[in-house]
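Given next are the chains, with one letter for each unit.
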Amino acid sequence: MIILSIETSCDDTGISLVEKRKGVLKALASTVSSQDEIHKKWGGVYPSDAKREHQKNIIPSLRKTLQSAGFLSKGSVPMPKQIPEILSRETILLREVKKFFAKYHVSKKIDAVAVTIGPGLEPCLWVGVNFARALSLYLNTPIIPVNHIKAHILFFLFEKKKIDLPAIALIASGGHTELVLMKSFSSYKLIGKTRDDAAGECFDKTARVLGLGYPGGPAISSRAGRFNPQKSKFEIKLPRPMKHAKNYDFSFSGLKTAVLYDFLSRNKKTKNSAEYISQMAYEVEEAVTDILVFKLKKATEEKGAKTLILGGGVTANKTLQEKIRRMKKDFPEIDFFVPSAGHATDNAEIIGAAASVDKTRKKHHEVRANANLKIYGSINTDD
Ligand code: KG4
Ligand code: ZN
């Protein structure tokens, strides 16, 4: 089975072709276009800007992906009449689609189109969903709607077909901080989530306070790396919000406020100094990763997890990875899946992975975006 997958839930435009043959999943080709340059100005993602960029990026990504997998040929085949109607709210994309299909056609069989339908930013999700609808008509294939969080969990299918269950997954990104209990391929339960900011958002916001760039995670991390805890110069004590609450929920907005207050209480010379900024970056990184790992351990022990899965952009954090490595030593019998950078951040390969174990098949008019989609669904891995 060959799946063309689409991801546009936040600010990355992803297109992949994945193949599942004899139970083995592999990516044939993939493209991800980041919008970081656009969102840098504001220090965060504005949905209307992101929607525009998805519309601009999606066809070049499709072309690259199809071309590198050898699925693209010159010469046009007629475009279904309904496409202008389907893309009536994505006018930039419609123009691109017309230009593209006037020049090229898909020369090999694709069995399904998979697309993220939620959770995510509504206008962004609709770009992917409407594009999937148009493509499904053009390619005459069904659509497999995909839950984005499930895709962050199921990336492991590229590495292993079956895992020991139950599994606990921690998804930490700019938009999510969620702990999911996976009891089977058809049973997912959200056991904890952030009550305010996501972990990545906390990095992004504190980086902004400190005058570092966007995205904040890598910026905080590189400054933190310059700090030597033996040479600590400042008295900084950041809180660990909700760490000891009895549930698995998170809260990061108080942490950002604590950073802001500390920053504002310093004199100009201090707050502009490289030493203060790198010590504060270190403290932020310590606090966020401390809370994440603490709750992950708590869930692992209390739910009797046999497998741990990490996902989302924050899992690229070196301190978090180091703490996870130490955690592995305490839980030697547990299998850990930590994604490579390409599978941690938003991309369409993981959407293809989730679709590859999903029996759902929808017609173009049956698929809708749902910004608040909960984790649900029936999935099986028998084939
Ligand atoms: O998964 P992702 O690419 O996009 C979504 O938010 O869905 O995650 C991006 C988030 C940003 O908030 C970014 O600051 C954070 O992940 N991030 C990091 C690191 N790299 C990216 N946070 C901490 N340390 C990093 N090295
Ligand atoms: Zn994501």
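Calculation rules
- Residues numbered from 1 in each chain as written.
- Chains lettered and ligands numbered in written order.
- Predicted model: local features only at pLDDT ≥ 70, side-chain atom pairs only at ≥ 80, totals over all residues.
- Heavy atoms only, no water.
- Helix = DSSP H or I, 4+ residues; strand = E, 2+ residues; numbered from the N terminus.
- Buried < 20%, exposed > 50% of the residue type's maximum accessible area, 1.4 Å probe, protein only.
- Polar contact = N/O pair within 3.5 Å; in protein donor to acceptor, adjacent residues only side chain to side chain.
- Near = heavy atom within 4 Å.
- Areas by Shrake-Rupley, 256 points an atom, 1.4 Å probe, with all protein chains shown as cover.
- Nonpolar A, V, L, I, M, F, W, Y, C, P; charged D, E, K, R; others polar.
- Domains from an automatic or database assignment.
- Pairing = 2+ DSSP bridges.
- Axes fitted to C-alpha atoms, helices over the stretch in contact; angles between N-to-C directions.
- Contact = heavy atoms within 4.5 Å.
- Salt bridge = Lys/Arg side-chain N within 4 Å of Asp/Glu carboxyl O.
- Buried area = accessible area lost by both parts, 1.4 Å probe.
- Expected span 1.5 Å × (residues − 1).
- Arc of directions from axis to C-beta.
- Parallel < 35°, antiparallel > 145°, perpendicular 65-115°, else oblique.
- Left-handed = near helix turned anticlockwise from the far one by under 90°.

Asks: Any chance you could explain the environment of serine 30 here in plain terms?
Replies: Assignment of secondary structure puts serine 30 in strand 3 (residues 24-34). The class of serine 30 is partly exposed, set by a relative accessible area of 32%. Note: C-alpha distance between serine 30 and alanine 348 (318 residues apart in sequence) is 7.3 Å. Within polar-contact distance, the side chain of serine 30 engages the side chain of glutamate 349 at 2.6 Å.

Asks: Help me out: how do you make sense of the site of ligand 1 in this one?
Replies: The immediate surroundings of ligand 1 are formed by 18 residues, with Gly174, Asp204, Gly217, Gly313 and Asn317 found nearest. In the model, an oxygen atom of ligand 1 is placed 3.4 Å from a nitrogen or oxygen of the glycine 175 main chain. In this structure, aspartate 204 approaches ligand 1 through a side-chain N or O atom, which is 2.7 Å from an oxygen atom. Relative to its unbound accessible area of 550 Å², ligand 1 is 89% covered by the protein chains. Of all the elements in the fold, those that place two or more residues in the shell around ligand 1 are helix 7 (199-209) and helix 8 (216-224). In terms of residue class, the shell around ligand 1 is built from 5 nonpolar, 10 polar and 3 charged. Two domains each provide a minimum of three residues to the shell around ligand 1, namely domain 1 (2-153 + 343-378) and domain 2 (163-341).

Asks: When you look at the sheet that holds strand 11 (residues 307-311) in this model, what are you seeing that I'm missing?
Replies: Picture the strands of a sheet paired through backbone hydrogen bonds; they go either parallel or antiparallel. The sheet built from 5 strands is open, its strands ordered 10-9-8-11-12 with mixed pairing. What marks the edges here is a single partner per strand, and that holds for strand 10 (187-193) and strand 12 (335-337). Strand-to-strand, the axes of this sheet are offset by a mean angle of 20°, without reference to chain direction. Together, strand 8 (167-172), strand 9 (177-184), strand 10 and strand 11 form the strand contacts of helix 11 (residues 274-303), whose direction differs from that of strand 8 by roughly 160°.

Asks: Please explain the sheet that holds strand 7 (residues 143-147) as it appears in this structure.
Replies: Taken in spatial order, the 5 strands line up as 3-2-1-6-7 in an open sheet, and their pairing is mixed. If you trace the sheet from one side to the other, it starts and ends with strand 3 and strand 7, each paired once. On average, each strand axis in the sheet is inclined to that of its neighbour by 20°, with strand direction left out of account. Looking at chain direction, strand 6 (residues 112-118) and strand 7 are connected through 5 bridges and run parallel. Bridge assignment links valine 115 to a residue of strand 7, and that residue is proline 145. Lying over the sheet, helix 2 (residues 47-69) contacts strand 1 (2-7), strand 2 (12-21) and strand 3, oriented at roughly 30° with respect to strand 2.

Asks: How should I be thinking about the pattern of salt bridges in this particular structure?
Replies: Opposite charge on two side chains allows them to pair when their charged atoms are near. If you walk through the whole model with that rule in mind, you get 18 salt bridges. For lysine 205, the salt bridge goes to aspartate 197, with nearest N and O atoms at 3.2 Å. Taking relative accessible area as the criterion, aspartate 197 reaches 7% and is therefore assigned buried. For glutamate 275, the salt bridge goes to lysine 233, with nearest N and O atoms at 3.3 Å. Of this pair, glutamate 275 sits in helix 11 while lysine 233 is found in the loop between helix 8 and helix 9 (253-265), placing the two residues 42 residues apart along the sequence. Accessibility expressed as a relative area gives 41% for glutamate 275, which makes it partly exposed. Lysine 233 gets classed as exposed once you look at its relative accessible area, which sits at 57%. Within this structure, Asp49, Arg52, Glu53 and Lys56 form a network of salt bridges that share partners.

Asks: Would you mind showing me how to read the domain arrangement of the protein here?
Replies: According to the domain assignment, the protein contains domain 1 (2-153 + 343-378) and domain 2 (163-341). The C-alpha-based centres of domain 1 and domain 2 are spaced at 30 Å. Taken together, the contacts link 20 residues of domain 1 with 21 residues of domain 2. For the domain 1 and domain 2 pair, buried surface summed over both sides reaches about 1,700 Å², with 67% attributable to carbon and sulfur atoms. Here domain 1 and domain 2 share 6 residue pairs in polar contact (both at pLDDT 80 or more) between them. Going through the elements one at a time, helix 1 (36-40), helix 6 (148-154) and helix 13 (341-344) are the ones with two or more residues in the side of domain 1 that touches domain 2. Top element by residues in the side of domain 1 that touches domain 2 is helix 6. It accounts for 5 residues. Across the side of domain 1 that touches domain 2, the residue classes break down as 7 nonpolar, 9 polar and 4 charged.

Asks: How should helix 12 (residues 318-330) be read in this particular structure?
Replies: For an α-helix, the turn length of 3.6 residues means that residues three or four places apart are oriented alike. Over its 13 residues, helix 12 extends 19 Å from the first C-alpha to the last, a length consistent with the 18 Å expected when each residue adds 1.5 Å. Every buried residue of helix 12 is listed here: Thr319, Leu320, Lys323, Ile324 and Met327. Down the axis of helix 12, the buried side of the element spans an arc of 135°, and every buried residue falls inside it. When the buried face of helix 12 is taken as reference, the exposed residues oriented beyond 90 degrees from it are Lys318 and Lys329. Packed against the buried residues of helix 12 are helix 11, strand 11 and strand 12. Where helix 12 begins, one side-chain oxygen reaches toward the backbone nitrogen of threonine 319, 3.0 Å away; that side chain belongs to asparagine 317.

Asks: Sorry, what's going on with the packing of helix 11 against helix 12 here?
Replies: For any two helices packed against each other, one specifies the crossing angle of their axes together with the interaxial distance. Put simply, helix 11 and helix 12 touch, their axes get as near as 10 Å, and they point 30° apart. In terms of orientation, helix 11 lies roughly parallel with respect to helix 12. Seen along the crossing, helix 11 lies across helix 12 with a hand that is right-handed. Residues Glu285, Glu286, Thr289, Asp290, Leu292, Val293, Leu296, Lys297 and Thr300 of helix 11 form the contact with helix 12, whose participating residues are Thr319, Leu320, Lys323, Ile324, Met327 and Asp330.

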